[in-house]
Amino acid sequence: QVQLEESGGGLVQAGGSLRLSCAVSERTLNTYTMGWFRQAPGKEREFVATISWSGLTIIYADSVKGRFTISREKGENTVYLQMNSLKPDDTADYYCAAGSVASQRASAYNYWGQGTQVTVSS
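Residues numbered from 1 in each chain as written. Predicted model: local features only at pLDDT ≥ 70, side-chain atom pairs only at ≥ 80, totals over all residues. Heavy atoms only, no water.

1. Some details on the overall build of the protein chain
Tallying secondary structure elements over the protein chain gives 0 helices and 11 strands in all. In the protein chain, the succession of helices and strands from N to C terminus is β-β-β-β-β-β-β-β-β-β-β. A compact globule built from 122 residues would reach a C-alpha radius of gyration of about 14 Å, and the protein chain, at 13 Å, matches this within 12%. When the backbone C-alpha atoms are referred to their principal axes, the protein chain occupies close to 40 × 30 × 25 Å. Taken over 122 residues, the protein chain has a buried fraction of 46%. When contacts within the protein chain are restricted to residue pairs at least 6 apart in sequence, long-range pairs at least 24 apart make up 56% of them. Accessible surface, the protein chain as shown: approximately 6,500 Å² in total, 43% of it carbon and sulfur. Side-chain charges of the protein chain comprise 11 positive and 11 negative groups, with the mean position of each set lying 6 Å from the other. (Helix = DSSP H or I, 4+ residues; strand = E, 2+ residues; numbered from the N terminus. Rg over C-alpha atoms; globule rule 2.2 N^0.38 Å. Buried < 20%, exposed > 50% of the residue type's maximum accessible area, 1.4 Å probe, protein only. Contact = heavy atoms within 4.5 Å. Areas by Shrake-Rupley, 256 points an atom, 1.4 Å probe, with all protein chains shown as cover. Lys, Arg positive; Asp, Glu negative; His and termini not counted. Charge placed at Lys NZ, Arg CZ, Asp CG, Glu CD.)

2. Side note on the state of the cysteines
For the structure shown, the criterion picks out 1 disulfide. Each sulfur in the disulfide pair C22 and C96 lies 2.0 Å from the other. Between C22 and C96 the disulfide shows an S-S torsion of about -80°. By sign, it is left-handed. Placement of the pair is C22 in strand 3 (residues 18–24) and C96 in strand 9 (residues 92–99), with a sequence separation of 74 residues. On the basis of relative accessible area, C96 is assigned to the buried category, the value being 0%. (Disulfide = S-S within 2.5 Å.)

Bear in mind that shape data such as this cannot, by itself, settle questions of function.
What follows is the structure in structure tokens.
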């Protein structure tokens, strides 16, 4: 299995920024589409952003467009999620995922990290 590990979560005030990292095993970034999902307490997991293996296709959820940026770091085998202008509604556990097909559906991803908490205070 591909191993994924998220980091960079924490507590931040509204309007602030955080940068999440997802470290992946082997050469996953050269093979898989990578995605970020989030899950707030009592809510279902929702799509945040995805980036194709080539880096040429990037899709964002409408709720984060213009505020979040997903990027790949091949040399470090890492995918990032830069989150700016954070809102309290962004509070959730954030999960990194890897799959073979670019999709906004969680079921399209085969491998998942354990998540990192993001809390945005008002």
